[in-house]
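# Observations on the model geometry
Single-letter residue listing:
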Amino acid sequence: MMRVSVDPDLCQGHGVCESEAPTVFSLAKNAATVTILAERPDESLRGQVEAAVRFCPTSALRITEEE
């Protein structure tokens, strides 16, 4: 099972993650960092979450695998 996390010190609120995986990430208009809506998203969303991590301009997102 994957677990998604964000480093708030790196996140600058670009919103790329929200555009890649809108059911997992949310960025309010005045927010400085992203909110994770689903810390342990369904496996069917893996491709979207991996794209969000890959395209994050500040490398603030991480996927860790859990049992």
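Rules and cut-offs
- Residues numbered from 1 in each chain as written.
- Predicted model: local features only at pLDDT ≥ 70, side-chain atom pairs only at ≥ 80, totals over all residues.
- Heavy atoms only, no water.
- Helix = DSSP H or I, 4+ residues; strand = E, 2+ residues; numbered from the N terminus.
- Areas by Shrake-Rupley, 256 points an atom, 1.4 Å probe, with all protein chains shown as cover.
- Lys, Arg positive; Asp, Glu negative; His and termini not counted.
- Charge placed at Lys NZ, Arg CZ, Asp CG, Glu CD.
- 1 Å grid on protein atoms, 1.4 Å probe; cavity = no way out; pocket = protein on both sides within 12 Å on 5 of 7 lines; lining within 4 Å.
- Points joined across faces, edges and corners; volume = space filled by probe spheres on them.
- Nonpolar A, V, L, I, M, F, W, Y, C, P; charged D, E, K, R; others polar.
- Buried < 20%, exposed > 50% of the residue type's maximum accessible area, 1.4 Å probe, protein only.
- Contact = heavy atoms within 4.5 Å.
- Phe/Tyr/Trp six-rings, centres within 6.5 Å; stacked < 30°, edge-to-face > 60°.
- Lys NZ or Arg CZ within 6 Å of the ring centre and 35° of its normal.
- Core = buried A, V, L, I, M, F, W, Y, C linked by side-chain atoms within 4.5 Å.

The next point concerns the overall build of the chain. Each helix and strand in the chain was counted, giving two helices and four strands. Helices and strands appear in the chain in the N-to-C order β-α-β-β-α-β. Along the three orthogonal principal directions, the C-alpha set of the chain runs to about 35 × 20 × 15 Å. For the chain, the exposed surface amounts to about 4,200 Å²; the carbon and sulfur share of it is 47%. Positive and negative charge centroids in the chain, built from 6 and 11 side chains respectively, lie 3 Å apart.

Throughout the structure, instances matching the rule amount to one cavity of 30 Å³ or more. Space inside the largest cavity adds up to approximately 70 Å³. Lining the largest cavity are 13 residues, with Cys-11, His-14, Gly-15, Cys-17 and Cys-56 positioned closest to its centre. Of the residues contributing to the lining of the largest cavity, the split by class is eight nonpolar, five polar and no charged.

Glancing now at helix α2 (residues 46-55). Listed as buried for α2 are Arg-46, Val-49, Ala-51 and Ala-52. Next to the buried residues of α2 lie β1 (2-6), α1 (16-20), β2 (25-26) and β4 (61-65).

The next subject is the packing of aromatic side chains. Enumeration over the complete set of coordinates arrives at zero aromatic pairs. The ring of Phe-55 is capped by Arg-54, whose NZ or CZ atom sits 5.1 Å from the centre of that ring.

The next subject is the nonpolar core. By size, the foremost hydrophobic cluster in this structure holds 15 residues, and its most contacted members are Cys-17, Val-24, Phe-25, Val-34, Val-49, Ala-52 and Leu-61. Listing elements by their share of this core, those giving two or more residues are β1 and α2. Residues in contact with Phe-25, not counting those within four places in the same chain, are Val-4, Cys-17, Glu-18, Val-34, Thr-35, Ile-36, Leu-37, Ala-52 and Leu-61.

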